[in-house]
Amino acid sequence: MNYADWLKRKGLEYKDKVLYFAGQSTLNLIKTYGTPIYVTNEQIIRERYRSLKELLSRVYMKNDIHYAVKANSNLSLLKILNSEGASFDCTSRGEIYICLKAGISSDKIIYTGNMFTDEDFTFAVKNNILVNLDSVSQLKRLVLVYDRLGKEKETISFRINPEFGAGHHKHTVTAGKDIKFGILEEQAVEAYRKAKESGFKRFGIHQHIGSGIINALDFANPVEKYISIVKKLIETLDIEFEFIDFGGGLGIPYRPDEEPLDLSDYEKYVVEPFVELLSKGGRSNITIKIEPGRFLVAESTILLTQINTIKNNGFKLFAGIDAGFNTLIRPVLYNSYHHIIPCDLKEKGNEFEYDIVGPICESGDVLGKERKLKELKEKDNLAILDTGAYGYVMSSPYNSRPRPAEILINENSIYEIRHAETLEDLINAQKVPEHLK
Ligand SMILES: Cc1ncc(COP(=O)(O)O)c(C=O)c1O
């Protein structure tokens, strides 16, 4: 894919040397809203959702796409995906709460937590949310909660750890014997037997092997192992699964030389083996589910920033911007690459190599290492791309810097979907004991 096309798939293009996003001049956005600011293009989210839905439905009609809310839990994004017909995957009570506030009905939510507390279970059961258990030991406590609340036990699911994982960084690989998630094959039969004996009537099964997988072949071994576990459960316990969920993890091209995930490969290595399993067993009433987060929202958003300091220490050039790892932590946490481009394209002048650094008082606060860009000046603006997933949701007020605003662009209209925090927000939740007043 050439560079212009790579930008275009993310809603970006240069017009008269100015960067436009979702049809809006980024310089005008900055003039109106300031920096740093997260800017989201609604249509990209809709396009990504539709492309996956179309793929799944072409191969197998009974499918649900559960958006992984952890990637970005902004109410407006949830409403966009809800209006497309998406379902949702939540990892916490907080995410469920936000989904319910966004008007999402409880039967569209799966609660894939881990290290669940009794309070988590109580919240889920009270709100009629399907719980996807992460350990056999949790079953007993969940049953007690159902009984205490006098609720009928309907559907239960377990997260399987198929032992083969993948991901863009070791922290995002979520399967393997030494990884905390899910239950291993040896315990799967016991888990479902106990669930049956406890009175659950319907069953689902789930896996999620990792995040940021750009080569669909990486799914092949885990899928094969997972399918063998599903078959074993069907044969041993005669379980009629209501759904089979094979998780998220679909990657996006963060680098200009990366090709997007090949959806026909995803179909071949992930979707088809399940469809084959279901059609062979005459089980076409089973729903297949996937749980993408990043794929649906990462490319929908850019982070606009301003350069405040150009420093040449005689050894290295630094471009200091007003967004740091408090605003976007992925580069520091996962050594992730985010492409960074100027809002104002300079065609003339020399290229220099910059470390693009934030204002946080730590030397690890580098958002882009050794980036070659045409000479940058103080007050120039930069766009950090692909920040819609694990961007704002992982931001913090570290160094007591308030979090930025978020805006949404849809068909020539611009909406503020979260206002920037203020200095007051930094102390609003705090209480000072009497003797210190
Ligand atoms: C259980 C579960 N499902 C889905 C996802 C979404 O992953 P991704 O954003 O890579 O699609 C995650 C993320 O780690 C997850 O833990």
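Definitions and limits used
- Residues numbered from 1 in each chain as written.
- Predicted model: local features only at pLDDT ≥ 70, side-chain atom pairs only at ≥ 80, totals over all residues.
- Helix = DSSP H or I, 4+ residues; strand = E, 2+ residues; numbered from the N terminus.
- Rg over C-alpha atoms; globule rule 2.2 N^0.38 Å.
- Buried ≥ 20, exposed ≤ 12 C-beta atoms within 10 Å, placed from the backbone.
- Contact = placed C-beta atoms within 7 Å.
- Domains from an automatic or database assignment.
- Nonpolar A, V, L, I, M, F, W, Y, C, P; charged D, E, K, R; others polar.
- Pairing = 2+ DSSP bridges.
- Near = placed C-beta within 6 Å.
- Core = buried A, V, L, I, M, F, W, Y, C linked by C-beta atoms within 7 Å.
- Axes fitted to C-alpha atoms, helices over the stretch in contact; angles between N-to-C directions.
- Expected span 1.5 Å × (residues − 1).
- Arc of directions from axis to C-beta.

We now examine the overall build of the protein chain. Within the protein chain one finds twelve helices and 20 strands. For the protein chain, the C-alpha radius of gyration of 23 Å lies close to 22 Å, the compact-globule estimate for 437 residues. Residues counted as buried form 44% of the 437 residues belonging to the protein chain. Sequence-distant contacts in the protein chain: of pairs separated by 6 or more residues, those separated by 24 or more amount to 70%.

Glancing now at the domain arrangement of the protein chain. Each assigned domain of the protein chain is listed with its residue range as follows: domain 1 (3-41 + 299-426) and domain 2 (112-292). Averaged C-alpha coordinates put domain 1 and domain 2 at centres separated by 36 Å. Taken together, the contacts link ten residues of domain 1 with nine residues of domain 2. Residues belonging to the side of domain 1 that touches domain 2 are distributed by class as follows: four nonpolar, four polar and two charged.

Note the cis peptide between Thr35 and Pro36, where omega equals -10 degrees. Take Pro36: it is sitting in the loop between helix H2 (26-33) and strand S4 (37-41). One non-glycine residue, Asp16, lies in positive phi territory at about 45 degrees. For Asp16, the location among the structural elements is in the loop between strand S1 (12-15) and strand S2 (18-21). Its 7 C-beta neighbours within 10 Å are what place Asp16 among the exposed residues. At Asn128, a residue that is not glycine, the phi angle is positive and equals roughly 55 degrees. Summarising the element assignment, Asn128 is placed in the loop between helix H6 (118-126) and strand S8 (130-133).

The subject of this paragraph is the sheet that holds strand S3 (residues 24-25). Read across the sheet, three strands follow the order S1-S2-S3 without closing on themselves; strand pairing throughout is antiparallel. In this open sheet, the two strands that pair with only one neighbour each are S1 and S3. Of the strand pairs in this sheet, S2 and S3 are connected by two bridges, and their pairing is antiparallel. Its bridge partner lying in S3, Phe21 is registered against Gln24.

The subject of this paragraph is the pairing of S1. When S1 meets S2, the two strands line up antiparallel, connected through four bridges. In the sheet register, Tyr14 faces S2, and the bridge partner there is Leu19. Between S1 and S2, which follow one another and run antiparallel, lie two residues, and Asp16 among them has a positive phi close to 45 degrees.

Right, let's get into the site of the ligand. Neighbouring the ligand are 19 residues, the closest being Ala68, Ser211, Gly248, Gly293 and Arg294. Its residues assigned to classes, the shell around the ligand comprises six nonpolar, nine polar and four charged.

In terms of nonpolar packing, the biggest core is built from 81 residues, with Leu81, Ile109, Tyr111, Val131 and Ile244 touching the most fellow members. Residue contributions to this core peak at seven residues, all from helix H10 (residues 263-280). The residues touching Tyr111, leaving out its near neighbours within four places in the chain, are Cys90, Ile96, Ala124, Ile129, Leu130, Val131 and Asn132. Residues Leu19, Ile321, Ile329 and Ile407 belong to the second largest nonpolar core, which totals 34 residues.

Moving on, we come to the sheet that holds strand S5 (residues 63-68). Spatially, the eight strands close up into a barrel ordered S5-S6-S7-S8-S9-S10-S11-S12, and their pairing is parallel. Pairwise comparison of adjacent strand axes, ignoring direction, gives a mean angle of 25 degrees for this sheet. As paired elements, strand S9 (residues 155-159) and strand S10 (residues 202-206) share five bridges and run parallel to each other. Bridged to Ile156 within S10 is Phe203.

Now for the pairing of strand S20 (residues 413-418). Relative to S20, strand S19 (residues 405-410) runs antiparallel, the two sharing five bridges. Within S20, the position partnered with Glu406 by the bridge is Arg418. If you look at the hairpin formed by S19 and S20, you'll find two residues sitting between the two strands, and Glu411 has a positive phi there, around 40 degrees.

For helix H8 (residues 185-197), with 13 residues, the first-to-last C-alpha span of 19 Å sits near the 18 Å given by 1.5 Å per residue. Taken together, the buried positions of H8 are Ala188, Ala191, Tyr192 and Ala195. Burial along H8 is one-sided: seen end-on, the buried residues are contained in an arc of 90 degrees. Residues of H8 that are exposed and angled more than 90 degrees away from the buried face: Glu186, Glu190 and Glu197. The elements touched by buried residues of H8 are helix H7 (137-149), S9, S10 and helix H9 (220-237). Of the residues trailing H8, Gly199 is marked for its positive phi of about 105 degrees.

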